[in-house]
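# Structural description and commentary
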Amino acid sequence: MVDVAIVGAGQTKYGNHQSGMKGMWAEAAYNAFQSVDKDFQPKQIDEAYIGSVAFGGGQLGNTAALLTEHSGMKGIPVRRVENACASSGFALRDAWMAIKSGQADVVIAGGIEKMNDLTPERKRFWLGVSGDTEWERLAGLTFPGTYALMARRYFHEFESTHDDLVNISVKNHWHGLDNEMAHIRKDVSFDKAKNGFMVADPLTLYDCCPTSDGASCVILAADHVVKQFTDDPVWINGSAAASDYLALHDRPSITQLIATQNAAKKAYQMAGIEAHNIDLAEVHDCFTIAELLATEDLGFAQRGNGGKFARDGAGRRNEGDVCINPSGGLKSKGHPLGATGTGQTVEIFKQLRGEVEQSRQVRDAENALSHNVGGSGATCAVHVYGRNRNE
Amino acid sequence: MPLVQFTYMGEIEMSEVVNFHGYLISSESNSFTIYSPYIVDDNRVFGHDSDYTTMAISLIKHLVINEVEFTIVSVDEKINFEVLQIATDIQLSENGRILGCGDDASLYLSSTKQSTVDQLAIPSTLMDVNLYQSMQIAWKSELDIRNISQGAYVSKQQYDESLSSRLSLIAQNDDKIIWPPRQMNSDGVTLSKESTNLSPKANVLTWTKLSAAGAPSEFAIRAPILGGLSTVMVEFDEGPKGVFLVVDDEDIVPKIGDSVEFVVRMLYGQEGIVRYGTKARICSSQL
């Protein structure tokens, strides 16, 4: 079966953008096109998958058609992919499958979210729309609250405290400090993160990702056309996804994400490697507790040891076996919902090719992983990447 | 800071007054009266998320638990009868007592209509007048017909579909107890209708207090006044778990392992309609 490589990747800076959706998407697509080593034109694209929650409802219908026609891709099959914050992780998987199926050779996967152009009054209606609206939302929960329930229970079940989450926050802000694409680029001290404004007890402001505008775009190619575009591709050696109960209260355990575990297991199996072979991972740290759980669910730490993993600084760049969130993660780089998944892939593409800012380059990285979660874990896409093709 | 200050007024004979669901119930020879415990400027007023309907539900449940036999011939129009019926399963009879509303935050079940109630012997809690007025204004804004959703939305049809599960914690029995209700299992079999009552108490598995800034839009007007929203996840003895708001008028910090009881309260208002639901009251704390 055909193998799939990434031949180009680009994004906007995450944060508060003056541009609207069309401008942001065009910028990300342009950056992706420009990143291709050899000649590339958008008319060479066969198909496009664009992840977006369509936050604010500005362009709920036919989002992908609008965006692609504004970026030189008019006429090809397109669709918006929606799985909450995992929208573009699933768009990437759909694009990968389109090539795997033999129906397309060059496919765009991307994502976009415009979140900061709403008034606070309008924005509050759109926060937390990806939980179980009828039961969780009407119990007063948006996602800070949902993840706070998980964090408190985790502290109860295992030897861990909020300090472990603070370490994750400090690490990710340090990782994002030199990332020119990051939303929040500032060093945060342990004391500052520990004593931040309480958003949802026990999670403070420094446990929560920001609401960001942003777009990201990656170009995938079938193995038999890769050479047309680059001699230095990044291969997608494993692609898997899973789902779980939407509502937290329906799950047997709230201190692990079964969808992550199942997707990771399949992705590792497909790639023929294990967690200890991963050199860097972009994991979905919408809240610091989400990164802690992900380090366990993805196999970097044993169950119950995620707190110790964070405490020991095991995920810090060029210090441990694996670098967790070299981009700064959602916490520092930002979280434009629909753009986050393929934004993780942009970081991995550049890291594996040695193209990020020198100061934050993960050394000698061969294998990488991206982990994109929808909501509190109802959907999850995991991809495993390699400098070398898994044959 | 506590939301209310506890003070007892007048002669108290506790044997005559029962505290139930956060309300006070007294019984005389042939009638029962339920009172809100709160007083503002010498007037008995509702708690932050209570009204005649929530108090009527609690009174009926109290009588049923204590095996009091009664029939009801009429229900005051200030009470949402549809909600009362789903929450308590009562039916109207040709003969029986009147479920009537008092002139203040009280209501009675009696064979004769009552126009006033005696507050003097009822223990009361003073509520800050500014807090009370702020909440009244907030509810009025929330219940404005022009207060419509611009995003997440629970329609009346969606809300009604599981109303019996929401108001009276009725679960499905399909090899195991299921709550909230589900539609189909992995064998493609449609699950049975709700048939089993969950225990009236459960234990706290975890909890959070969400700041006002992070509250869902449905609660955004009242959350700043309340200083945020407290939510608990609980596990019932029968197995299911659920998430519930903690009642608005009792400022108790939950703890894992606490026992909670469930009461019907106003959840929120939207488009002129009050949406009722079950909330949790912390009733025994694990120290």
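Let us now look at the overall build of chain B. The helix and strand tally for chain B stands at six helices and 18 strands. A compact globule built from 287 residues would reach a C-alpha radius of gyration of about 19 Å, and chain B, at 19 Å, matches this within 12%. When its C-alpha atoms are laid out on the principal axes, chain B stretches across 60 × 45 × 45 Å. Looking at chain B residue by residue over its 287 residues, the buried ones come to 54%. Within chain B, contacts between residues separated by at least 24 positions form 64% of all contacts whose residues are at least 6 apart in sequence.

Our next topic: the sheet that holds strand β13 (residues 196-197) of chain B. Residue and element names in this part refer to chain B. If you trace the three strands from one edge of the open sheet to the other, you get β12-β11-β13, paired in antiparallel fashion. Edge strands, defined here as strands with exactly one partner in the open sheet, are β12 (176-178) and β13. Note: strand β11 (residues 170-174) against β13, two bridges, orientation antiparallel. Within β13, the position partnered with Ala 171 by the bridge is Thr 196.

As a further point, take the pairing of strand β3 (residues 78-81) of chain A. Pairing of strand β2 (residues 47-51) of chain A with β3 of chain A, which is carried by four bridges, proceeds in the parallel orientation. Looking at the pairing, Ile 50 of chain A lines up with Arg 80 of chain A of β3 of chain A.

Right, let's get into empty space enclosed by the protein. Where empty space is left becomes clear once a probe the size of a water molecule has been rolled over the atoms. Under the criterion given, the structure shown has four cavities of 30 Å³ or more. Computed from the structure, the largest cavity encloses a volume of approximately 80 Å³. Taken together, Trp 135, Leu 138 and Ala 139 of chain A together with Arg 166, Leu 169, Trp 179, Val 243, Phe 244, Leu 245, Leu 267 and Thr 278 of chain B form the lining of the largest cavity. Tallying contributions element by element places strand β16 (residues 241-245) of chain B first for the lining of the largest cavity, with three residues.

Before going further, it helps to spend a moment on the nonpolar core. Counting residues in hydrophobic clusters, the biggest one holds 62 residues, and the most contacted among them are Trp 25, Ile 108, Ile 219, Leu 220 and Tyr 385 of chain A. In this structure, Tyr 154, Val 199 and Cys 209 of chain A together with Leu 205 of chain B belong to the second largest nonpolar core, which totals 57 residues.

This paragraph deals with the sheet that holds strand β2 (residues 17-20) of chain B. Residues and elements named next belong to chain B. With mixed pairing, six strands are arranged side by side in an open sheet as β2-β3-β4-β9-β8-β7. The outermost strands of the open sheet, each flanked by one partner alone, are β2 and β7 (72-75). Across the sheet, the mean angle separating the axes of adjacent strands is 20 degrees when strand polarity is ignored.

This part takes up the pattern of salt bridges. Taken as a whole and assessed by the stated rule, the structure comprises 32 salt bridges over all chains. The shortest N-O distance in the salt bridge between Lys 194 of chain A and Asp 163 of chain A comes to 2.6 Å. A residue pair is termed long-range when its members are at least 10 positions apart, and Lys 194 of chain A in helix α7 (residues 190-194) and Asp 163 of chain A in helix α6 (residues 162-176) qualify at 31 residues. Note on Lys 194 of chain A: relative accessible area 34%, which makes it partly exposed. A salt bridge links Arg 222 of chain B to Glu 142 of chain B, with the shortest nitrogen-to-oxygen separation between them at 2.7 Å. On the criterion of sequence distance, the pair formed by Arg 222 of chain B in the loop between β14 (201-210) and α6 (223-226) and Glu 142 of chain B in helix α3 (residues 129-142) is long-range, its members being 80 residues apart. For Arg 222 of chain B, a relative accessible area of 2% puts it in the buried group. Judged by its relative accessible area of 1%, Glu 142 of chain B is buried. Salt bridges sharing partners connect three or more residues here, namely Asp 49, Glu 142, Arg 222, Asp 248, Arg 265 and Lys 279 of chain B.

So, on to the interface of chain B and chain A. At the junction of the two partners, chain B supplies 40 residues and chain A supplies 34 residues. Between the two partners, chain B and chain A, sit two salt bridges. A salt bridge links Arg 182 of chain B to Asp 250 of chain A, with the shortest nitrogen-to-oxygen separation between them at 3.0 Å. Inspection of the chain B/chain A interface yields 19 residue pairs in polar contact (both at pLDDT 80 or more). Counting only elements with at least two residues in the side of chain B that touches chain A, the list comes to α5 (163-168), β14, β15 (229-236), β16 and β17 (259-270) of chain B. With six residues, β14 of chain B is the single largest residue contributor to the side of chain B that touches chain A.

Bringing the pairing of strand β9 (residues 106-110) of chain B into the picture now. The side chains of a regular strand alternate, first on one face of the sheet and then on the other. All names here are of chain B. β9 sits mainly inside the fold: five of its five residues count as buried. Every second residue of β9 is oriented toward a common face, with Ser 106, Tyr 108 and Ser 110 on one face and Leu 107 and Leu 109 on the other, all of them buried. Where strand β4 (residues 32-35) lies against β9, four bridges are found, and the strand directions are antiparallel. Across the sheet, Thr 33 pairs through a bridge with Tyr 108, a residue of β9. For strand β8 (residues 97-101) and β9, the ladder comprises four bridges, and the chain directions are antiparallel. When the sheet's bridge partners are listed, Cys 101 is paired in β9 with Leu 107. Remark: four residues form the turn of the hairpin made by β8 and β9, two consecutive strands paired antiparallel.

This next bit is on helix α3 (residues 87-100) of chain A. Residues and elements named next belong to chain A. With 14 residues, α3 extends 20 Å from end C-alpha to end C-alpha; this agrees with the ideal 20 Å at 1.5 Å per step. Within α3, 12 of the 14 residues are buried, leaving the element largely enclosed by the surrounding structure. Turning to α3, its buried residues number three or more, namely Ser 87, Ser 88, Gly 89, Phe 90, Ala 91, Leu 92, Arg 93, Ala 95, Trp 96, Ala 98, Ile 99 and Lys 100. Directly after α3, the chain includes Gly 102, whose backbone phi takes a positive value near 90 degrees.

Rules behind the numbers
- Residues numbered from 1 in each chain as written.
- Chains lettered and ligands numbered in written order.
- Predicted model: local features only at pLDDT ≥ 70, side-chain atom pairs only at ≥ 80, totals over all residues.
- Heavy atoms only, no water.
- Helix = DSSP H or I, 4+ residues; strand = E, 2+ residues; numbered from the N terminus.
- Rg over C-alpha atoms; globule rule 2.2 N^0.38 Å.
- Buried < 20%, exposed > 50% of the residue type's maximum accessible area, 1.4 Å probe, protein only.
- Contact = heavy atoms within 4.5 Å.
- Pairing = 2+ DSSP bridges.
- 1 Å grid on protein atoms, 1.4 Å probe; cavity = no way out; pocket = protein on both sides within 12 Å on 5 of 7 lines; lining within 4 Å.
- Points joined across faces, edges and corners; volume = space filled by probe spheres on them.
- Core = buried A, V, L, I, M, F, W, Y, C linked by side-chain atoms within 4.5 Å.
- Axes fitted to C-alpha atoms, helices over the stretch in contact; angles between N-to-C directions.
- Salt bridge = Lys/Arg side-chain N within 4 Å of Asp/Glu carboxyl O.
- Polar contact = N/O pair within 3.5 Å; in protein donor to acceptor, adjacent residues only side chain to side chain.
- Expected span 1.5 Å × (residues − 1).

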